[in-house]
Amino acid sequence: MNEKRKIRLATCSLAGCFGCHMSLLDIDEKLFDLLGMVEFDRTPFTDIKRCGPCDIGIVEGGVSNAENVHVLKEFRKNCKVLVAIGACAITGGVPALRNNIDLWDCFQEVYLYEGGLEGNQIPNDPELPLPFDKVYPVYEVVKVDYFLPGCPPSADMIWKFLTDLIEGREPKLDYEMLRYD
Amino acid sequence: MGAPAMSKTITIDGKNVPFSDGQTIMDAALAAGVYIPHLCHNPQFEPHGSCKLCVVSVNGRNMTSCTMPAAEDMVVANNTPELNSDRKALVQMLFVEGNHICPACEASGNCQLQAAAYYLDMLSPHYTHFYQPRAVDASHPEIFLDLNRCILCELCVRASREVDGKNVFGISGRGIGTRLVVNAASGRLGDTNFAATDKAAHVCPTGAILIKRQGYRIPIGQRTFDHKNISEVQMEPDHE
Ligand code: SF4
Ligand code: SF4
Ligand code: FES
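Residues numbered from 1 in each chain as written. Chains lettered and ligands numbered in written order. Predicted model: local features only at pLDDT ≥ 70, side-chain atom pairs only at ≥ 80, totals over all residues.

**Quick look at the sheet that holds strand S4 (residues 61-64) of chain B**
All names here are of chain B. Sheet architecture is open: 5 strands sit in the order S2-S1-S5-S3-S4, paired in mixed fashion. Strands with a single pairing partner mark the edges of an open sheet, and in this sheet they are strand S2 (15-19) and S4. Taking each pair of neighbouring strands and ignoring which way they run, the sheet shows an average axis angle of 40°. Here strand S1 (residues 8-12) runs beside strand S5 (residues 75-77); their pairing, made up of 2 bridges, is parallel. By the bridge assignment for S5, Ile 12 is matched with Val 76. (Pairing = 2+ DSSP bridges. Helix = DSSP H or I, 4+ residues; strand = E, 2+ residues; numbered from the N terminus. Axes fitted to C-alpha atoms, helices over the stretch in contact; angles between N-to-C directions.)

**Some remarks on the site of ligand 2**
Of all residues adjacent to ligand 2, which total 13 residues, the nearest are Cys 150, Cys 153, Cys 156, Cys 204 and Ala 208 of chain B. For the shell around ligand 2, a count of residues per class yields 11 nonpolar, 1 polar and 1 charged. (Near = placed C-beta within 6 Å. Nonpolar A, V, L, I, M, F, W, Y, C, P; charged D, E, K, R; others polar.)

**Quick word on the environment of Gly 33 of chain B**
With respect to the helices, strands and loops of the structure, Gly 33 of chain B is situated in the loop between helix H1 (25-31) and strand S3 (55-58). Of the residues examined, Gly 33 of chain B has 11 C-beta atoms within 10 Å and is grouped as exposed. (Buried ≥ 20, exposed ≤ 12 C-beta atoms within 10 Å, placed from the backbone.)

**Describing the domain arrangement of chain B**
All names here are of chain B. Its domain assignment divides chain B into domain 1 (8-79) and domain 2 (106-233). The C-alpha centroid of domain 2 is placed 25 Å from the C-alpha centroid of domain 1. Taken together, the 11 residues of domain 1 in the interface contact 15 residues of domain 2. Its residues assigned to classes, the side of domain 1 that touches domain 2 shows 7 nonpolar, 3 polar and 1 charged. (Domains from an automatic or database assignment. Contact = placed C-beta atoms within 7 Å.)

**Quick word on the interface of chain B and chain A**
One widely used convention gives an interface's size as the accessible area the parts lose upon coming together. The interface of chain B with chain A comprises 17 residues on the first partner and 22 residues on the second. Class assignment for the residues of the side of chain B that touches chain A results in 9 nonpolar, 8 polar and no charged.

**Things to note about the site of ligand 1**
Taken together, the neighbourhood of ligand 1 is formed by His 100, Ile 101, Cys 102, Cys 105, Ala 107, Ser 108, Cys 111, Leu 113, Gln 114, Arg 149, Thr 206 and Gly 207 of chain B. Counted by class, the shell around ligand 1 contains 6 nonpolar, 5 polar and 1 charged residues.

**Topic: unusual backbone geometry**
Cys 151 of chain A connects to Pro 152 of chain A through a cis peptide bond whose omega is -10°. On the secondary structure map, Pro 152 of chain A appears in the loop between strand S7 (146-148) and helix H6 (155-166). One non-glycine residue, Asp 73 of chain B, lies in positive phi territory at about 70°. By the element assignment, Asp 73 of chain B lies in the loop between S4 and S5. If you check the backbone angles, Tyr 131 of chain B has positive phi at about 45° while not being a glycine.

**A look at helix H3 (residues 66-78) of chain A**
Residues and elements named next belong to chain A. Its 13 residues place the ends of H3 19 Å apart at the C-alpha level, agreeing with the 18 Å of an ideal helix rising 1.5 Å per residue. Of all the positions in H3, only Asn 68, Leu 72 and Phe 75 are classed as buried. Axial view of H3: buried residues confined to an arc of 60°, hence all on one face. Summarising the geometry of H3, the exposed residues directed more than 90 degrees from the buried face are Ala 66, His 70, Lys 73 and Lys 77. Against strand S1 (7-13), strand S3 (54-60), strand S4 (63-65) and strand S5 (79-85) lie the buried residues of H3. (Expected span 1.5 Å × (residues − 1). Arc of directions from axis to C-beta.)

**Quick word on the nonpolar core**
In this structure, Val 59 and Ala 84 of chain A together with Ile 10, Ile 25, Ala 29, Ala 116 and Cys 156 of chain B are the most contacted members of the largest nonpolar core, which totals 104 residues. For this core, the domains that each give at least three residues are domain 1 (8-79) and domain 2 (106-233) of chain B. Each residue touching Ala 29 of chain B, except ones within four places of it in the same chain, is listed here: Ile 12, Val 17, Val 34, Ile 36 and Ser 65 of chain B. (Core = buried A, V, L, I, M, F, W, Y, C linked by C-beta atoms within 7 Å.)

**Brief notes about the sheet that holds strand S10 (residues 209-211) of chain B**
Here we have 3 strands laid out as an open sheet, ordered S6-S7-S10 (chain B), and antiparallel in their pairing. Each having just a single partner strand, strand S6 (136-137) and S10 of chain B make up the two edges of the open sheet.

Below is the structure:
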């Protein structure tokens, strides 16, 4: 058989809302075309827990805790091309609204003033990743090869970008596709 | 033929652009429908020359077109890859110096800073974010002032002083500490005679001055820059 090797693609969501992943799923029936061209490595779709060697890695969300850094570095190490997708990965986005509020004040507001199911307490399980004082865009932590802005970028924009990249063209976005919101 | 003998011209990117004495390069370009990117300039006010987006190359030297008087036979380069890449860097610096979270901003889609960034094909802010704490002033019953988004263009300062005759705004501090201030003993907008009908309430190119209870009234798809880029919008008559 002379079948072309499929492009290996990994995706993850750091401090994001999974909106960019939802937008990727929004390409609807083109998902079949995509699956003809790529095979997924670590993604929330496959539930593979560790990223292996990949051609393309897509990162949603900013960096808000220690685990985000580990995942991001794993992606950078394993992916030939790293793509930051969405406002949060590119600028910190809505989670970065907390950047000028003291972390302790945030915790008190969320967990102490109005109690949750377990009463008024700040979660402190050793399993929980260490939160950072600020949320950072991914390009301030690792080198990023491509940016796909939008909150989220539209399914059309993601499709255009991915097909350009997979078919070896320099990705180019039309005016109406380039959005920060 | 047809050009009267008296008319003087410059060229911008090879195009003949007429001007009259006293006009800046920017004035002549706007009148001729040639877009030169600009943020701190608004033709209704005296030039300010602070954002540097309008820098063009005049006979090989870089100059701010909004302050430089046009002179006979100037050869101006404007829409070049070099100048546009410098402009993109300037816009990226504005993004990291302030706190611009477009998805959470009421001005998104109508904002000139964002539109200039789209025009210049800015895909990321590139530089390290400052995340400087900046004040939000909601003390006025009708108007928000959010300094996270202020680019210090001084259009509100000029409009309040020159058009409204009120002098509500001023600039204080130096360098990276420069801030827009409100001329009241308390420093709060609610303690001034600022009104939502003032010119100064409607000149901000970004989302730093916003009329309350108007946010998100215009649906996505119908906002100023959703379909037309800033070079088209700013060439329309009466767009400001
Ligand atoms: S002022 Fe403009 S650039 Fe800044 S957050 Fe609002 S829409 Fe974005
Ligand atoms: S508030 Fe708006 S108009 Fe006033 S200086 Fe800042 S950006 Fe310019
Ligand atoms: S438009 Fe000329 S310096 Fe801002």
